[in-house]
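Chains, contacts and geometry: an overview
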Amino acid sequence: MFPVELRGTKAQTLMWAHEHEVEPAALQQLRTLAQLEWVYGVRVMPDVHLGKGATVGSVIAMQDAVAPAAVGVDIGCGMEAVKTSLTASDLPDNLHSLRSRIEAAVPVGFNAHKEPVKVTRLQTDVHGRRATGATLRSGWSAFWSRFGDLDPAVQQRESKAHKQMGTLGGGNHFIEVCLDTEQHVWILLHSGSRNIGKELAERHIAVARTLPQNRDLPDRDLAVFLSGTPEMDAYRRDLTWAQEYAARNRAVMLDLVCGAVRDEFEPLAVRFDEPISCHHNYVSEEIVDGMPMLVTRKGAVRAGAGDLALIPGSMGTRSYVVRGKGNPASFQSASHGAGRRMSRNAAKRQFTVADLVAQTDGVESRKDAGVIDEIPAAYKDIDAVIAAQSDLVDVVATLRQVLCVKG
């Protein structure tokens, strides 16, 4: 059934969704993107929806060029998960205490740590199966030493970046405690490069708009950098650093959450497996159809053969651990989540707190007006999204959340 080819595009655009299922504005955005002379091909995931610059749920292979707005402002945003030794029978009927402990360990929304997290104090599992702390300590000083090489416009933000390392943020970012179908407890979280990634992205998007090659673009948000230019070199430098910041941010958070879980269930000596981690807003150098390309995934994960990835639903549905099949037709990619079916403002207009309470029944979470825009009904059916990409991934585990922390 899939993929289907999007009509009216210059560069081949293959979709894991039918045209009638995609909002017209997103289809037009895809067609505009595929008109760019540097675009070799576009691949569209089943969670596709309208985005700024480029469509969320798109994979773009470009030759010697990158559009920073097609990466997005949350550079390196992605997922992290770990399976624990706990089972459903270990959990109390009321999880409010655990949620409070997690929220005390990880600042949410615009909040930050009062002082930077000391990674030397982060722990590893007693059996050595979760090396998060050791991995974080590796290269930590070298990573921060590169801050001085970043764009001059963000140099005054170093202290803030240190204190936001290991924080959640808001919007669709979350921390969850989940159960798989065998009743094992998992920790799952979603976040990115926080304010420093946003500021770097906005700075480079502004620079790209001023460059000669972008003067006559149909959408100024599709301004590109070209390989071999100082502007591209500067962007790639900052992009790489921000992607690493995002990965380290998730790893710090995961360790903090694991610590909170360990403390909450102290008599049980909780153990943790090897974490699974993946970006879904990023750029990488890859070979596509035998040619070197710069591949941008905006709301998509790499699904190379054997790659483990995480595809969440919403705060009242399921999430999936998947293994990539390495399908070259999709540029070895898969969806990053369920994808929104309506805007945040539309969700706020349509739904009430009572609707949120009903749709998150059985989940220990916020149930107030501040998170109505994250109500499950604002998202597409995650099961249908997974079914549409059966040629891209195999399901490894199905997770049902019992606790959700949001900013």
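Given the structure is predicted, the values throughout are model-derived calculations rather than measurements.

As a further point, take the overall build of the chain. Along the backbone of the chain there are eleven helices and 17 strands. Across its three principal axes, the chain shows a C-alpha extent of roughly 65 × 50 × 40 Å. With 407 residues in all, the chain has 58% of them scored as buried. Residue pairs at least 24 apart in sequence account for 75% of intrachain contacts in the chain once pairs closer than 6 positions are excluded. Looking at charge distribution, the chain has the averaged site of its 46 positive side-chain charges lying 3 Å from that of its 49 negative ones.

Turning to the sheet that holds strand S2 (residues 12-15), a few remarks are in order. Strands pair in a sheet through their backbones, by hydrogen bonds, and they do so in one of two ways: parallel or antiparallel. Taken together, the six strands give an open sheet; going across it, the order is S1-S2-S3-S4-S12-S11, and neighbouring strands pair in mixed fashion. Taken across any chain shown, the strands that pair with only one partner, and hence form the sheet edges, are strand S1 (4-5) and strand S11 (281-288). As paired strands, S1 and S2 are joined by two bridges and run antiparallel to one another. Residue pairing for S2: Glu5 is matched across the bridge by Leu14. Sheet contacts for helix H1 (residues 24-34): S2, strand S3 (39-49) and strand S4 (56-62); angle to S3, the most-contacted strand, approximately 165°. Contacts between helix H8 (residues 230-264) and the sheet are confined to S11 and strand S12 (291-298), with S11 contributing the most and set at about 115° to the helix.

The next point concerns the packing of aromatic side chains. Applying the stated criterion across every chain yields a total of ten aromatic pairs. Each ring, one from Phe143 and one from Trp144, has its centre 5.2 Å from the other, and the planes form 70°; the classification is edge-to-face. Assessed through its relative accessible area of 8%, Trp144 is described here as buried. Three or more aromatic residues joined by ring pairs make a cluster, and in this case those are Trp140, Phe143, Trp144, Phe147, Trp241 and Tyr245.

A full pass over the atoms with the stated rule returns 24 salt bridges. As a salt-bridge pair, Asp151 and Arg203 come within 3.2 Å of each other at their nearest N and O atoms. Separated by 52 residues along the polypeptide, Asp151 in the loop between helix H5 (140-145) and helix H6 (158-164) and Arg203 in helix H7 (residues 194-209) bring together distant segments of the chain. On the basis of relative accessibility, which here comes to 8%, the residue Asp151 falls in the buried class. The exposure class of Arg203 is partly exposed, given its relative accessible area of 37%. Put simply, Glu285 and Arg236 hold a salt bridge, and the shortest N to O gap is 2.8 Å. Of this pair, Glu285 sits in strand S11 while Arg236 sits in helix H8, and the two are 49 residues apart along the sequence. Look at Glu285 and you get exposed, because its relative accessible area is 59%. Each member of the salt-bridge network shares a partner with another, and the members are Arg340, Arg344, Asp373, Glu374 and Lys406.

A sheet is described by the order of its strands in space; here seven strands give the open sequence S10-S6-S8-S7-S17-S15-S14, paired in antiparallel fashion. The open sheet has two edge strands, strand S10 (276-279) and strand S14 (308-311), and neither has a second partner. Taking each pair of neighbouring strands and ignoring which way they run, the sheet shows an average axis angle of 30°. In the sheet, strand S15 (residues 318-324) pairs with strand S17 (residues 393-406) via seven bridges, with the strands oriented antiparallel. In the strand pairing of S17, Val321 is matched with Ala397. Of the strands in this sheet, strand S6 (78-87), strand S7 (174-180), strand S8 (184-191) and S10 are in contact with H8, which crosses S8 at around 145°.

Next up on the list: the UniProt feature "binding site: Mn(2+) 2" (unreviewed entry) in the chain. As annotated in UniProt, the feature "binding site: Mn(2+) 2" (unreviewed entry) corresponds to His190 and His280 in the numbering used here. On the basis of their most widely separated C-alpha atoms, the annotated residues across 91 residues gather in one place, lying no more than 10.2 Å apart. Its location among the elements puts His190 in strand S8. Relative accessible area serves as the criterion here: at 5%, His190 is assigned to the buried category.

Here we take up the UniProt feature "binding site: Mn(2+) 1" (unreviewed entry) in the chain. Feature annotation in UniProt places "binding site: Mn(2+) 1" (unreviewed entry) on Asp74 and His173, given in this structure's numbering. Annotated residues spanning 100 residues; largest pairwise C-alpha distance 11.0 Å, indicating a single compact cluster. Structurally, the position occupied by Asp74 is in the loop between helix H2 (68-71) and S6. Contact partners of Asp74, with chain neighbours within four places excluded, come to His173, Gly192, Ser193, Arg194 and Asn281. Within the secondary structure, His173 is located in the loop between H6 and S7. From its side chain, His173 meets the backbone oxygen of Leu168 in a polar contact 3.1 Å long.

Quick notes on the rules
Residues numbered from 1 in each chain as written. Predicted model: local features only at pLDDT ≥ 70, side-chain atom pairs only at ≥ 80, totals over all residues. Heavy atoms only, no water. Helix = DSSP H or I, 4+ residues; strand = E, 2+ residues; numbered from the N terminus. Buried < 20%, exposed > 50% of the residue type's maximum accessible area, 1.4 Å probe, protein only. Contact = heavy atoms within 4.5 Å. Lys, Arg positive; Asp, Glu negative; His and termini not counted. Charge placed at Lys NZ, Arg CZ, Asp CG, Glu CD. Pairing = 2+ DSSP bridges. Axes fitted to C-alpha atoms, helices over the stretch in contact; angles between N-to-C directions. Phe/Tyr/Trp six-rings, centres within 6.5 Å; stacked < 30°, edge-to-face > 60°. Salt bridge = Lys/Arg side-chain N within 4 Å of Asp/Glu carboxyl O. UniProt positions renumbered as here; feature names shortened; annotations may be inferred. Polar contact = N/O pair within 3.5 Å; in protein donor to acceptor, adjacent residues only side chain to side chain.

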